[in-house]
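Read off the chains here:
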Amino acid sequence: MMSKKIVVALGGNAIQTGNGATADEQQQACIRTARELVKLIEDGHKLIITHGNGPQVGNLLLQQKAAESETTPALPLDTCGAMSEGMIGYWLQNAMDKALLENGIEKDVVTVVTRTLVEEDDPAFVQPTKPIGPFYTEQEAKKLEKEQGFIFKEDAGRGWRRVVPSPKPTAVLEYRIINQLVADGDIVIAGGGGGIPVIKGKDGIEGVEAVIDKDFASQKLAELVDADILLILTAVPNVAINFNQPNQQFFNEVTVEELKKHIADGQFAPGSMLPKVEAAIEFAKSRCGRKTIITSLTQAYDAISNGAGTHIIAKEELVMH
């Protein structure tokens, strides 16, 4: 198989295995993830690795709130996002180094703290939807809403989580640097947690209180670096309609047109599979020959090499030129 430039978007399960995971447990999850991804590197593919940060940034915010005082004010959400991006990038760098060493591969791994541009008037700022932090029962969530003024919503049947604004990304400011590093043969970790949300202020770039959806940011980055494949890794091996129902149907190859019909029918959960499917559609139709694959981490290699997972393609007449 020819070498491909692949943006690999890691789901939360690639880093954190459950609520309250310790730093060591999260680092062990990163090592398991790296051992799967190194198989793609062995085949000569060029990787840009992105990842979510919902649990981590949520926990950082809770720690900030708990430690807040007159002398140590809590840090804002964009700064906590930057902290989580550096932290998880560090864990993944160490994990990838370990996996490369185990396989006798000499490559550099680098994390780029990435800023993602959004529009100041994005409607998401007045309608928060992005879940972050740990899961709570409804009773716990209502108590925290009253005590701390946060907004909580039920998250795809898994419990209640705090929600924050999630504006759509319009650009990734560091994409040229990322592209050059990949061209030099490096493995790049970028766009962590969707990148740090920033706007163009009158005096330059300014951070804003939000968390960008990792899948949309990965799609935007994949377009900007001219990737061949956007590989979105999640907890399930395939995209399905009628999920967990007796008439559940998995997809192996599906067109953009088919997926749009299923979105209109409300088949995909807004806080879970929907953003992945929407990002998949945008990338697949952005240029001829591009495809998105949605699958699980353990099927990542087979998805690229043997057609496993769900492959999203666009008919040529619908591709942007």
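Heads up: the structure comes first, above all this text.
Note that the structure is predicted; figures quoted are calculated from it, not measured.

J.: I tried to follow a negative patch on the surface on my own but got confused; where do I start?
T.: Among the surface-exposed residues, Glu 119, Glu 120, Asp 121, Asp 203 and Glu 206 lie close enough to one another that they form a single negatively charged patch. Relative to the assigned elements, Asp 121 resides in the loop between strand E4 (115-117) and strand E5 (130-136).

J.: Where do I start with the pattern of salt bridges in this structure?
T.: Where charged atoms from two side chains of opposite charge approach closely, those side chains can pair. Going through the model one piece at a time under the given rule, you end up with 12 salt bridges. Taking the shortest distance from any N to any O, the salt bridge between Arg 115 and Glu 174 comes out at 2.8 Å. Remark: Glu 174 occurs in the loop between strand E8 (171-172) and helix H5 (175-183) and Arg 115 occurs in strand E4; sequence separation between them is 59 residues. Assessed through its relative accessible area of 8%, Glu 174 is described here as buried.

J.: Quick question: what am I supposed to make of the packing of aromatic side chains here?
T.: The description of an aromatic ring pair uses the distance of the two centres, along with the angle that the planes make with each other. All told, the structure shown has one aromatic pair when counted by the stated rule. Between the aromatic rings of Tyr 136 and Phe 152, the centroid separation amounts to 5.6 Å while the plane-to-plane angle is 85 degrees, which identifies the pairing as edge-to-face. Within this pair, whereas Tyr 136 is found in strand E5, its partner Phe 152 is found in strand E6 (residues 152-154), the two being separated by 16 residues in sequence. On the basis of relative accessible area, Tyr 136 is assigned to the buried category, the value being 19%. The ring of Phe 135 has Arg 161 sitting right over it, with the charged end atom 4.7 Å from the ring centre. Against the face of Phe 150 rests Arg 162, its NZ or CZ located 3.7 Å from the ring centre.

Cut-offs used in this document
- Residues numbered from 1 in each chain as written.
- Predicted model: local features only at pLDDT ≥ 70, side-chain atom pairs only at ≥ 80, totals over all residues.
- Heavy atoms only, no water.
- Patch = residues over 30% accessible without salt bridge, like charges linked within 9 Å, V, L, I, M, F, W, Y side chains within 5 Å.
- Areas by Shrake-Rupley, 256 points an atom, 1.4 Å probe, with all protein chains shown as cover.
- Salt bridge = Lys/Arg side-chain N within 4 Å of Asp/Glu carboxyl O.
- Lys, Arg positive; Asp, Glu negative; His and termini not counted.
- Charge placed at Lys NZ, Arg CZ, Asp CG, Glu CD.
- Helix = DSSP H or I, 4+ residues; strand = E, 2+ residues; numbered from the N terminus.
- Buried < 20%, exposed > 50% of the residue type's maximum accessible area, 1.4 Å probe, protein only.
- Phe/Tyr/Trp six-rings, centres within 6.5 Å; stacked < 30°, edge-to-face > 60°.
- Lys NZ or Arg CZ within 6 Å of the ring centre and 35° of its normal.

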